[in-house]
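# Geometric and topological summary
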Amino acid sequence: EIGELKLVGAGHHGHMISLYCKSLADSRSTKGGSNSSGKQLAIVGDLMRSISLVEYLPKHQVIEELARDYNANFCTSIEMLTDNIYLGSENFANLFVLRHNVEAPSEEARVRLDTIGEYHLGEMINTMKLGSLVMPSGAGGNSSAKADTKSKPDKSSLEGNTIEVAIGSQTLFGTVDGTIGSILGLGGSTFAFLGCLQRAIFAIVRPVGDLSHERHRHYEADGRVRPSRGFIDGDLIESFLDLNRPTMERIVKWMNDDGRWRIRDDGSGLSGQSQQNLMDTDESEANDFTAQTSLSVEDVLTAVEEISMLH
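Residues numbered from 1 in each chain as written. Predicted model: local features only at pLDDT ≥ 70, side-chain atom pairs only at ≥ 80, totals over all residues. Heavy atoms only, no water.

### A closer look at the side chain of Thr76
- With respect to the secondary-structure elements, Thr76 resides in strand 5 (residues 75-80).
- Take Thr76: its relative accessible area is 10%, and that puts it in the buried class.
- A polar atom in the side chain of Thr76 sits 2.6 Å from the backbone oxygen of Ile125.
- When neighbours within four sequence positions are excluded, Thr76 is seen to be in contact with Tyr20, Ser89, Glu90, Asn91, Met124, Ile125 and Asn126. (Helix = DSSP H or I, 4+ residues; strand = E, 2+ residues; numbered from the N terminus. Buried < 20%, exposed > 50% of the residue type's maximum accessible area, 1.4 Å probe, protein only. Polar contact = N/O pair within 3.5 Å; in protein donor to acceptor, adjacent residues only side chain to side chain. Contact = heavy atoms within 4.5 Å.)

Written out as structure tokens, the structure reads:
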């Protein structure tokens with residue numbers, strides 16, 4: 001007897017080789033989910049056509065495409081951080097972040113996913129999952145093992161000379177080389193502080209063999225080379241803990257002279273942006289870093305140690 005295959009539910013066409021589909025619907029609780037609009041959204045990772053955003057319409061039982069990334073990224077893994085921020089990896093060992101600008105004035109902009117983050121990891125990722133390697137804790141932002149990407153993290157602020165680190169989404173990844181890594185979403189002020197520290201380390205610390213660490217992190221694919229943006233190199237930041245005291249003092253002096261650690265950064269190197277911060281929750285508080293005039297070595301050490309404990 002030959003059985004009959006029947007289509008159950010809705011489908012969507014227009015992809016080449018769709019290998020991944022992610023949604024936040026299964027990770028939301030009935031109390032304060034991450035989608036205030038009530039839409040049933042998902043992202044689809046295509047091996048040739050990058051990431052597209054689709055919505056399921058229960059009333060009509062159809063799946064409609066809302067927006068897509070028109071770059072030719074050969075996706076190896078994807079993750080949906082919030083309803084409008086998406087993380088992806090591709091076959092040239094790069095990471096990229098896309099944003100759906102739902103408030104764009106034109107229809108042309110609303111159907112296009114904007115690239116707001118690019119980073120060369122150096123290893124090909126083949127799996128991603130929301131979560132953390134540490135137990136949930138009430139200290140240092142949102143440390144939930146099941147990252148609730150809608151809940152508001154603790155405020156990035158200064159209490160005396162203590163810099164608090166605000167964390168949003170938390171994502172784990174695995175690579176084909178066996179590496180397990182963690183990607184943390186940062187609040188705007190936290191991103192600005194760590195970005196300034198990263199630039200100071202580039203400027204002060206001489207790399208091994210005089211090879212440029214900054215150049216190594218450039219996004220490179222199909223002959224396209226672009227500087228890394230929207231990401232902070234966590235391993236480089238934590239290397240601050242291994243430096244000698246005089247080098248630490250030079251780095252902190254460079255940060256104070258630069259001054260950009262005080263601003264709120266949206267992930268692209270600019271302050272005062274109205275758009276949502278890269279991989280961040282809905283943080284809209286005013287910048288609190290202006291209250292302090294200068295950093296000390298102890299301030300930076302405390303912040304870096306707190307970051308190192310989050311994974």
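After presenting the structure, the write-up continues.
### Thoughts on the packing of helix 2 (residues 188-204) against helix 6 (residues 297-308)
- Following both chains from N to C, one finds helix 2 and helix 6 inclined at 110°, their axes separated by 12 Å at the closest point. In terms of orientation, helix 2 lies roughly perpendicular with respect to helix 6. Here Phe193, Leu194 and Leu197 of helix 2 lie close against helix 6, whose contacting residues are Val300, Ala303, Val304 and Ile307.
- Considering only residue class, the contact of helix 2 with helix 6 consists of 7 nonpolar, no polar and no charged. (Axes fitted to C-alpha atoms, helices over the stretch in contact; angles between N-to-C directions. Parallel < 35°, antiparallel > 145°, perpendicular 65-115°, else oblique. Nonpolar A, V, L, I, M, F, W, Y, C, P; charged D, E, K, R; others polar.)

### Here we look at the pairing of strand 13 (residues 180-186)
- Counting buried positions over the 7 residues of strand 13 gives 5, a clear majority of the element.
- Pairing of strand 12 (residues 167-175) with strand 13, which is carried by 6 bridges, proceeds in the antiparallel orientation. Note on strand 13: the bridge partner recorded for Phe173 is Gly181. (Pairing = 2+ DSSP bridges.)

### As for unusual backbone geometry
- A positive phi angle, close to 65°, is found at Ala93, a residue other than glycine.
- Inspection of the secondary structure assignment puts Ala93 in the loop between strand 6 (85-90) and strand 7 (94-100).
- Under the relative-accessibility criterion, Ala93 is labelled buried at 10%.
- Notably, Asp222 is not glycine yet its phi reads approximately 55°, a positive angle.

### Overview of the sheet that holds strand 13
- One open sheet accounts for 3 strands, arranged 9-12-13; its pairing is antiparallel. The open sheet has two free edges, formed respectively by strand 9 (125-130) and strand 13, since each of these has just one partner strand. Going from strand to strand, the sheet's axes swing by 25° on average, the running direction of each strand aside.
- In this structure, strand 9 lies alongside strand 12, joined through 5 bridges in antiparallel fashion.

### With respect to the packing of helix 2 against helix 5 (residues 245-258)
- Relative orientation of the contacting elements helix 2 and helix 5 amounts to 125°, with a least axis distance of 9 Å. Relative to helix 5, the element helix 2 is oriented oblique. Handedness of the crossing formed by helix 2 with helix 5: right-handed. Between helix 2, through Phe193, Cys196, Leu197, Arg199, Ala200, Ile201, Ala203 and Ile204, and helix 5, the contact on the second element is made entirely by Thr247, Arg250, Ile251, Trp254, Met255 and Asp258.
- Tallied by class, residues from the contact of helix 2 with helix 5 come to 10 nonpolar, 1 polar and 3 charged. (Left-handed = near helix turned anticlockwise from the far one by under 90°.)

### Concerning the pairing of strand 12
- Within strand 12, 9 of the 9 residues are buried, which leaves it mostly tucked inside the rest of the structure.
- Linking two consecutive strands that pair antiparallel, namely strand 12 and strand 13, is a turn of 4 residues; a positive phi of about 95° is found at Gly178 within it.

### Re the sheet that holds strand 3 (residues 50-57)
- The 4 strands lie next to each other as 1-2-3-4, forming an open sheet whose pairing is antiparallel. Each edge of the sheet is formed by a strand with only one pairing partner; in this case those strands are strand 1 (18-22) and strand 4 (62-68). Each neighbouring strand pair of the sheet contributes to a mean axis angle of 30°, computed without reference to strand direction.

### Side note on the pattern of salt bridges
- Counted under the stated rule, the structure contains 13 salt bridges.
- Two residues, Arg199 and Asp258, come together in a salt bridge whose shortest N-O distance is 3.6 Å. Here the residue Arg199 occupies a position in helix 2, and Asp258 occupies one in helix 5, the gap between them amounting to 59 residues.
- Residue Arg199 is classed as partly exposed on the basis of its relative accessible area of 28%. (Salt bridge = Lys/Arg side-chain N within 4 Å of Asp/Glu carboxyl O.)

### Focus: helix 2
- For helix 2, which comprises 17 residues, the first-to-last C-alpha distance of 24 Å matches the rise-based estimate of 24 Å (1.5 Å per residue) to within 8%.
- With respect to burial, helix 2 is a largely interior element, 13 of its 17 residues being buried. (Expected span 1.5 Å × (residues − 1).)

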